[in-house]
Amino acid sequence: MKRTSLLTIIILLFCFKSVKGQYYNTGQDPASVRWLRIKTERFTLIYPKDYGQAGIDLARSLDMAQKRMPLVFPGKRMNLPIVVHSLSAESNGYVAWAPKRMELYPLKEQNAIPGDQNLLLSLHEFTHAYQMQSLNKGFTRAMSLLVGQQMPGAVSSLLPLWFLEGDAVVTESVLSNTGRGRFASFQKPVKALTLSKDPYGYDKMLNGSFRDYVPDHYQYGYQLVSWSLSKYNKELWNNVLDFTGRQPFTIIPVNIILSRETGLTKRKLYYETIDSLKVLWEKDTAGKEQYTALSPVKKKEFINYFSPVFAGSDSIIAVKTSLSSSPSIVLVNPSSKNEKTLFHPGFMYPYRLDYGGGMIVWAENRPDPRWENRSYSVVIVYDIKKGSAKRIGYKSRYMAAGISPDGSTVCAVEAEQDNSCNLVFIDADRGEIINSVAAPPGTYLQRPKWSEDGKWVTVIYLTDEGEGIMSYSVHEKRWQVNMEPEVVDLQAGFLKKDTLLFVSSRYGTDNLFMKTAGETLQVTNSEFGITDPDISGNNIIFSDYKASGNLIGSVTFQNAGAIKTDRSFFLIDRLDSAYKDLPLKFIPEETTSYSPEPFRKWQHLFRFHSWLPFYADIDKVQSDPLSVRPGFTLMSQNTLSTLETTLGYEYSENGEHLFHSKVLWAGLYPVIEAKVGYGYNRRFPARQFYDSNGKRYSGVISIPLRYSTGWFSQYVRPSLTLEYLNSIYQVGDRKDMGQTELTWGFYFSNYSRSALRDIYPLWAQSIDLNYITYPFDKDLFGTTFIFRSSFYFPGIFRDNGIRIRYSSENQDQDHFIFTNSISHPRGYEDVISKQLNTASFDYVFPVAYPDFNISSLLYIKRIRSGLFYDYAAGKGNRHYQNNGSGQVAQVPGTEIFRSYGVELLSDFHIFRIPFMISGGIQAAWTDKSEMPVFKVLFNIDLYGFNLGK
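Residues numbered from 1 in each chain as written. Predicted model: local features only at pLDDT ≥ 70, side-chain atom pairs only at ≥ 80, totals over all residues. Heavy atoms only, no water.

## Observations regarding the sheet that holds strand S27 (residues 539-544)
Now for step 1: If you walk across this open sheet you meet the 3 strands as S26-S27-S28, and the pairing is antiparallel. In this open sheet, the two edge strands, each paired with only one partner strand, are strand S26 (530-536) and strand S28 (551-556). On average, each strand axis in the sheet is tilted by 25 degrees relative to the strand beside it, whichever way the strands run.
Now for step 2: Where S27 lies against S28, 6 bridges are found, and the strand directions are antiparallel. (Pairing = 2+ DSSP bridges. Helix = DSSP H or I, 4+ residues; strand = E, 2+ residues; numbered from the N terminus. Axes fitted to C-alpha atoms, helices over the stretch in contact; angles between N-to-C directions.)

## Describing the pattern of salt bridges
Now for step 1: According to the stated counting rule, one finds 43 salt bridges in the structure shown.
Now for step 2: A salt bridge links Glu 103 to Arg 101; its shortest N-O distance comes to 2.7 Å. Pair check on accessibility: Glu 103 and Arg 101 agree, each one buried.
Now for step 3: Measuring nitrogen to oxygen at the nearest pair gives 2.9 Å for the salt bridge that ties Glu 364 to Arg 366. (Salt bridge = Lys/Arg side-chain N within 4 Å of Asp/Glu carboxyl O. Buried < 20%, exposed > 50% of the residue type's maximum accessible area, 1.4 Å probe, protein only.)

## Regarding unusual backbone geometry
Now for step 1: Each neighbour pair has its own omega, and for Ala 98 with Pro 99 the value is 0 degrees, a cis peptide bond.
Now for step 2: When you line up the elements, Pro 99 lands in the loop between strand S4 (91-97) and strand S5 (100-106).
Now for step 3: The phi dihedral of Asp 830 falls on the positive side, at around 55 degrees, and the residue is not glycine.
Now for step 4: Structurally, Asp 830 can be placed in the loop between strand S42 (801-812) and strand S43 (831-832).
Now for step 5: You can call Asp 830 partly exposed: its relative accessible area is 29%.
Now for step 6: In this structure, Ser 855 takes a positive phi of about 50 degrees despite not being glycine.
Now for step 7: Its location among the elements puts Ser 855 in the loop between strand S45 (852-854) and strand S46 (858-881).

## Notes on the side chain of Asn 726
Now for step 1: With respect to the secondary-structure elements, Asn 726 resides in strand S38 (residues 712-731).
Now for step 2: For Asn 726, a relative accessible area of 16% puts it in the buried group.
Now for step 3: Among the polar contacts made by the side chain of Asn 726, one reaches the main-chain amide nitrogen of Lys 695 at a distance of 2.7 Å. (Polar contact = N/O pair within 3.5 Å; in protein donor to acceptor, adjacent residues only side chain to side chain.)

## Here we look at the side chain of Asn 770
Now for step 1: Structurally, Asn 770 is set in strand S40 (residues 764-773).
Now for step 2: At 3.3 Å, the side chain of Asn 770 forms a polar contact with the side chain of Asp 768.

So this is what it looks like as structure tokens:
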């Protein structure tokens, strides 16, 4: 019971993403960036100087959002730093609370919904900030004095993610005339599952599944929060936040307030919401069309086919995704229902293809090698006949692409850093820019599509007022507006002669419409919505959403007729009624004058945000949550996440007083890490140790580089480590006083993109080299060379994996032998070898996906197993007992170590805590014993908790 309580406390205290021992860190912007700052009463906005006027525009939207927030969070005020990463080719936002800040990636994405994107992003992220602020009261506020800013974040783990994100979607929808809660594309995954099968259990909705597709906590959360607010009490969730902050020690504060005000628990609220929505949504699907699938039969698999395009008389090309495989581009034969994989793309969002002249094009994101907060987007052109792909662009920001019918010219939306954009025409063969056309002022372009005759390129254009459609005449070089902007989500738009075809959410379900001769006709009448239409002659294909994922459907122009779709039911309709007293139109939107000033990085190096009344190395806590010791820990991370500082005192299990300090500077191209410590560092066996006062100094210079070549991603990290330890070692009559250790390191990995069910990567390789020398004591300590390698391959069956490892270590010294850096075969302990070569083979496979829960105590997502065989040959072996405190024997010559065995693990959640835990047992049979050696395996996935967009 004591261990369980301690485990729970530790998990609560580490509710933020851990990066190299610190809390949530999104990475760094280039060192060359010059920063500006705008300070207001409500926030401090820090943004790159090159962001220009867009920084002032964003400040105005943040101000507008802050003025609206008290309408849903009465009486709350705050001021927090907000960092803008405008060099990223991704759109997102985060709120972290250790240290307290907001980080924005303000690029307008290709799937953006209508409306002012800055305002929507601001409303969503401010909701998370106000949620955290609302928790900082009572017991939580008192405990913050003891542990710092991490306490509200820790307490927030008592709140389900579906509430935290669902509440933010509600706020962005209620406090604007747009927001995701108003659009069909956002609610269709929950709607399709609700109407197509029995609802998932609450724990499955909460924790996800490896067996079935589960909509995310944004989608489910919005429905639950909006239903409860519209039916019960507008202040319900504010009361939950207030009570949770004041009395988190009740462990179940959400259920206490829900029960008090609604008579429900979280679980009962979920079932009430889903059951009620099912009744309301059943009316929406009456009379809808069921389109025959041109794509292969799915059986019971969740499979998506995105962006189907015609590629011949009986061939369709589409992007395929599933739970068992990473995205791939496939060639589908509708007649035989067969498919063939053509290519594995890199990171695409959205999944959108275009076809012309035997070529397929799409846009892919590519990371900057060093700076995480700078990324690019390139165009990929794939030649179907040659089976080869080439890249257009390098350090470019091509966000979406289309190709002319003859395959000669690519048109792409090029995003500028200041949020403006251009329509760029590029020679598909040479990759040279032919023409660049600026988008009309105040518009942002999405999803370019050529007309059948190659004369026009049609785009969806986004403004603060909504979305519209316009076309650019390639020959006349002029824009033509086809549809004025409205608060209606448009998924596609293109011309066929004088007819405009477009996908619109106007009636609550995404369907295809055509506008010709001043008349608008409805072409599809889908049950849950269609996307990505493509035309060949009189035939139209599209992605048609179902509970089992998108299938490829088809219609002809003869299907077009009068509009027959009544508006679907949205909970936002009830919320608008519940919040009808919000005086949105009376909020003064006065013009504020903003005065940007330089932000000096050197003046803001430290932000001490959290501390712990014990010592914990967060990296070790992930694999051993009980590896905490008496003492304290003090943590700092500056606003730009370039400097991390940790100070700590530890009273070790051996009764030693240890002092730890670390400074990590990532603001330059090389990353520099320095440590100063007081305490022992027993890499040598204890008996060789003579005397020491345990001082240790170390420094590491490394250059972490990451690359992407499409389906594969690479990571390279050369490093140099210098460490001084003032230990004293006795060698005969000689005392060696102080050792300087120099380590040259090089790490390389190459990984294919993984699917949800992958235990191992499908294809991967890694190499880790280390050369250790003692420049001032080489005659005493010699040198050590360490080599590690791993290779991953697909298994015999789907979701199976193979790992083959080879490692080698050679210690070239006569007086001392170090503890090995590579492992002996599993089942062998307390053995040290001067020369060691090891090889291992692992085969892993899933056993079951039970999705089984015991109330709120345990939820098992997957049971998996693995078989292994290890082999090693060691020279100069020494066998120890009592954890290395006494030597048993020294074996001359070469000694062979072998073991084989089995591992059985489960991936599970406990107490509905959002972190997945992997735990199980390992049984290893060795040559030295007929009985197996058992070992408990345990790991917590702490990587990934943040409040985002």
